[in-house]
Amino acid sequence: MSKSKKDILQGFSPSMDYRSMLLFIGVGLIIIGLTLWNWHYDLRPRLVNEAESNARILAASHARAIESQFQNISGSTDISVIHNSINEMLLINDPSSGETLYRGIALEVDYDVFPANYDMVNIDVGDTNCSACINSENPIYNYKTGELAAILKIYANPVFYQHLVDDIVDDLALMLGGVIIVLVLAWLTSNRLLYNLREREKSLLIEVAERRSVEDRLQQIATYDQLTNLPNRYLLQADFTRKLEETARNRKMLATLFFDIDHFKQINDMHGHEAGDALLREAAGRVSDVTRNYDLLARFGGDEFVMIMSNVENRADVIYVAEKIISSFNKVFSLHDAEVTVTTSIGISVFPEDGDDPSELLKNADLAMYRAKADGRNGYQFFNAEMNLELQYSQWVETNLREALNNNGLELHYQPQVNLDNGKVESCEALIRWPQGSGDNVNPADFIRIAERSALINDISHWVLQETCRQIHEWTDAGYQTVRVDINLSGKDFVDKGVLYNFLQILRRQNLQPHQIGVEITENILLESTEQVIKALTLLHNAGVHISIDDFGTGFSSLNYIKQLPLSGIKIDQSFVHEAPSNKDDLVIIQAITLVGHGFGLDIVAEGVETEWHESLCKGVGCNTMQGVYVSEPLSAKAFASKFLKRSKT
Ligand code: C2E
Ligand code: MG
Ligand code: MG
């Protein structure tokens, strides 16, 4: 295992240096001690022996020199010559340094024996009692015995010895001093080297630690969502597979919970992106709090979250968690300067029943979430096979609808809108038809909903507008007095390249007036992008385009929007009209909408008028216009014109 940075840096504490210094000094002292010991018990006697043998050699050579000197002076009678010669002979120098070690003074010469028997010369060497005299008892050198004369023994005497020893001790002290200096220098150098090495190692470690922390940060950014700190979809993918394998091994269940915040876009638009971010952060925190440690919660993107519950025993455990997530949204969310209440809708897919790989389980959970939303939001929905059929149907629609669009496979039918006061057809609604070879039509509500999931809806809306323009011209050319044709647009027509942004331009190019084509939008469009929607609608409204809210009362109904939007009319959803005769509440709703709508000067259209009763009821509450099979079903262009359009007077 690698050491931690702290552990490693601890090795660089100063105490380490003191220890090594003490160690060095200790070793040095031991070496010095051993040397002295060795010198005392081993070197010293050797030195003594050495000195004695040197002295012996010197003495012998000196004796020979003296002998030859004696021979040289043997014939001399001059006492001073003899004296000087003997003095010279007795001058003993250190052979190595040349220093005078002993100076003898010959005071007395036994001329009787000299020079005939010169080995018995009596020389007084300054000592009056002549203890060191050289005479017949005390010769300089006895060639017979090899004995040295007393004077010459000085080579081996303690003084001389001491002198030699002093020299050696001086040398030794010098040597030891040198050794200590070398040791200290070696210690300093090695310590410096060691210090440099450690410094280098330390900086390398810091560099490595810093690089590792940068790498960790990059890894964090790549795998975690920076807003909520939850794992992102990439980490989710990786962990998902692992959890799936583990669950399969344990023969348990795995649940994928896919959820988002209902009407999140509206919060973003109304309160700003910062508030939206704060909401996401808070929601992530709340859901994390109800998540078990071994469940994986990730931000999938936007306001979408995914929770993976592995090793689950049964669906009841999943329901328990789903309900906890839903109720975690119950409390008001305090954003920057606003308090909002939001809900969540959860789609759930289960392994192994609903799929055995992450992408399939995610797709099915997502599908189930849309069902949960369709069922009224603020709830959960398990995936089921029916949803799969829906998915297959969606895929079929997506592929074939584009083909139909490109190959004239779509048509528009027209349904009259009748003024309840005078019974005149003053406008009509264009409704798309996708006929099949069998003679049936694909349900527009279904395929439009699917087309709205992609950019296909924009192409459809463009086509509807162009086709309506063409049809108006065709009717005019055929001699009919045309009425206003209302087309249905979708939320996506408000985005960048949506038809609403070049609506007026298209009308101009098609040589039509803004009042000839009206626009129907559903309330839910308002959730998409309020500010953008209002801007675009105001432009059209000011130009004279009739704008009405379709299916009013079914979606995100808010009378507040009626006040804010540049509207010309409201179309009350047909469900209220159908029920109104039998359901007093629905009648009250129609009355209320009409009252408020009129208050804002709007034209009130009753949709789905199927009977005379419906007609009189709608008329009774004050609706201005009716639309429904009671008057006519949507008809082909030709049939509509012949039945409801008047001929122009020629
Ligand atoms: P919508 O805009 O509310 O259109 C009215 C729907 O009610 C039409 O259904 C029409 O055929 C039907 N209807 C009319 N009178 C009656 C009646 O008396 N009783 C009953 N039960 N229904 C009646 P359709 O044509 O199936 O269209 C369904 C929905 O599809 C439309 O609802 C609209 O939301 C959408 N849609 C249709 N055409 C288009 C289009 O060109 N573009 C877009 N974006 N959406 C379209
Ligand atoms: Mg409509
Ligand atoms: Mg409608």
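Residues numbered from 1 in each chain as written. Chains lettered and ligands numbered in written order. Predicted model: local features only at pLDDT ≥ 70, side-chain atom pairs only at ≥ 80, totals over all residues. Heavy atoms only, no water.

Draft legend 1. Spotlight on helix α19 (residues 612-621). Looking at α19, one finds that the buried residues are His 614, Leu 617, Cys 618 and Val 621. Along the axis of α19, the buried positions cluster into a sector of 95°, meaning they face one direction only. Exposed residues on α19 whose side chains face more than 90 degrees from its buried face are Glu 612 and Gly 620. Contacts from the buried residues of α19 go to α17 (574-579), α18 (584-599) and β19 (603-606). One or two residues past the end of α19 sits Gly 622, with phi positive at roughly 105°. (Buried < 20%, exposed > 50% of the residue type's maximum accessible area, 1.4 Å probe, protein only. Helix = DSSP H or I, 4+ residues; strand = E, 2+ residues; numbered from the N terminus. Arc of directions from axis to C-beta. Contact = heavy atoms within 4.5 Å.)

Draft legend 2. Looking closely at the packing of aromatic side chains. Counted according to the given criterion, the structure contains 11 aromatic pairs. Judged by centre distance (5.2 Å) and plane angle (70°), the rings of Phe 258 and Phe 300 are edge-to-face. One end of the pair, Phe 258, is in strand β5 (residues 253-261); the other, Phe 300, is in strand β6 (residues 296-301), and 42 residues separate them in sequence. For the pair shown, Phe 258 and Phe 300 are each scored as buried. (Phe/Tyr/Trp six-rings, centres within 6.5 Å; stacked < 30°, edge-to-face > 60°.)

Draft legend 3. The coordination of the magnesium ion (ligand 2), seen in detail. Here the magnesium ion (ligand 2) is held by the protein donor atoms Glu 429 (OE), Asn 488 (OD1), Glu 520 (OE) and Asp 550 (OD), which lie 2.0 to 2.2 Å from it. For the magnesium ion (ligand 2), the donor residues sit on a single chain with the sequence spacing E-x58-N-x31-E-x29-D. The two metals, the magnesium ion (ligand 2) and the magnesium ion (ligand 3), are separated by 3.9 Å and share Asp 550 as a common coordinating residue. With Glu 520 in strand β16 (residues 517-522) and Asp 550 in strand β17 (residues 547-552), the pair connects residues that are 30 residues apart, well separated along the chain. Relative accessible area serves as the criterion here: at 5%, Asp 550 is assigned to the buried category. (Donors = N, O, S within 2.8 Å, 3.2 Å for Na, K, Ca; no water.)

Draft legend 4. Inspection of the site of ligand 1 at higher detail. The local shell around ligand 1 holds 22 residues, among which Glu 429, Arg 433, Asp 550, Glu 610 and Val 629 are the closest. In the environment of ligand 1, a nitrogen atom lies 2.9 Å from a nitrogen or oxygen atom belonging to the side chain of Gln 415. One of the side-chain nitrogen or oxygen atoms of Gln 574 is found 2.9 Å away from an oxygen atom of ligand 1. Calculation on ligand 1 without its partners gives an accessible area of 780 Å², and the protein chains cover 82% of this total. (Near = heavy atom within 4 Å. Polar contact = N/O pair within 3.5 Å; in protein donor to acceptor, adjacent residues only side chain to side chain. Areas by Shrake-Rupley, 256 points an atom, 1.4 Å probe, with all protein chains shown as cover.)

Draft legend 5. Region of the structure containing the pairing of strand β7 (residues 304-312). Within β7, 7 of the 9 residues are buried, which leaves the element mostly enclosed by the surrounding structure. Direction of pairing for β5 relative to β7: antiparallel, over a ladder of 7 bridges. Its bridge partner being in β7, Thr 256 is matched across the sheet by Ile 308. Between β6 and the antiparallel strand that follows it, β7, lie 2 residues; Gly 302 among them carries a positive phi value of about 55°. (Pairing = 2+ DSSP bridges.)

Draft legend 6. Here's a closer look at the confidence of the model for the protein. Residues at a pLDDT of 70 or more form 74% of the protein, whose mean pLDDT is 81. Long-range and interchain partners of residues 11-16, a stretch whose pLDDT sits below 50, account for 5 contacts in this model, where long-range means more than four residues apart. In this model, residues 102-157 is a region of pLDDT below 50 whose contacts with residues beyond four sequence positions or in other chains number 120 contacts. (pLDDT = per-residue confidence, 0-100.)

Draft legend 7. Structural view of the sheet that holds β7. The mixed open sheet is built from 5 strands, whose spatial order is β6-β7-β5-β10-β11. The sheet is open, and its two edges are formed by β6 and β11 (380-382), each paired on a single side. Adjacent strand axes in the sheet meet at a mean angle of 20° when their direction is disregarded. The strands touched by helix α5 (residues 233-249) within the sheet are β5, β6, β7 and β10 (344-351), with β7 carrying the most contacts at an inclination of about 20°. (Axes fitted to C-alpha atoms, helices over the stretch in contact; angles between N-to-C directions.)

Draft legend 8. Representation of the packing of helix α10 (residues 385-406) against helix α11 (residues 444-451) in the model. One can describe the packing of α10 onto α11 by two numbers: an axis separation of 10 Å at closest approach and a directional angle of 80°. The orientation of α10 relative to α11 falls into the category roughly perpendicular. When α10 is examined against α11, the residues Glu 390, Tyr 393, Ser 394, Val 397, Glu 398 and Leu 401 are found in contact with a partner set consisting of Asp 446, Phe 447, Arg 449, Ile 450 and Ala 451. Looking at the contact of α10 with α11 residue by residue, the class counts come to 6 nonpolar, 1 polar and 4 charged. (Parallel < 35°, antiparallel > 145°, perpendicular 65-115°, else oblique. Nonpolar A, V, L, I, M, F, W, Y, C, P; charged D, E, K, R; others polar.)

Draft legend 9. Representation of the side chain of His 413 in the model. One can find His 413 in strand β12 (residues 411-419). Of the residues examined, His 413 reaches a relative accessible area of 16% and is grouped as buried. Of note is the side chain of His 413, whose polar atom sits 3.4 Å from the side chain of Glu 411. Not counting chain neighbours up to four residues away, the residues in contact with His 413 comprise Glu 429, Ala 430, Leu 431, Arg 433, Pro 634, Leu 635 and Ser 636.

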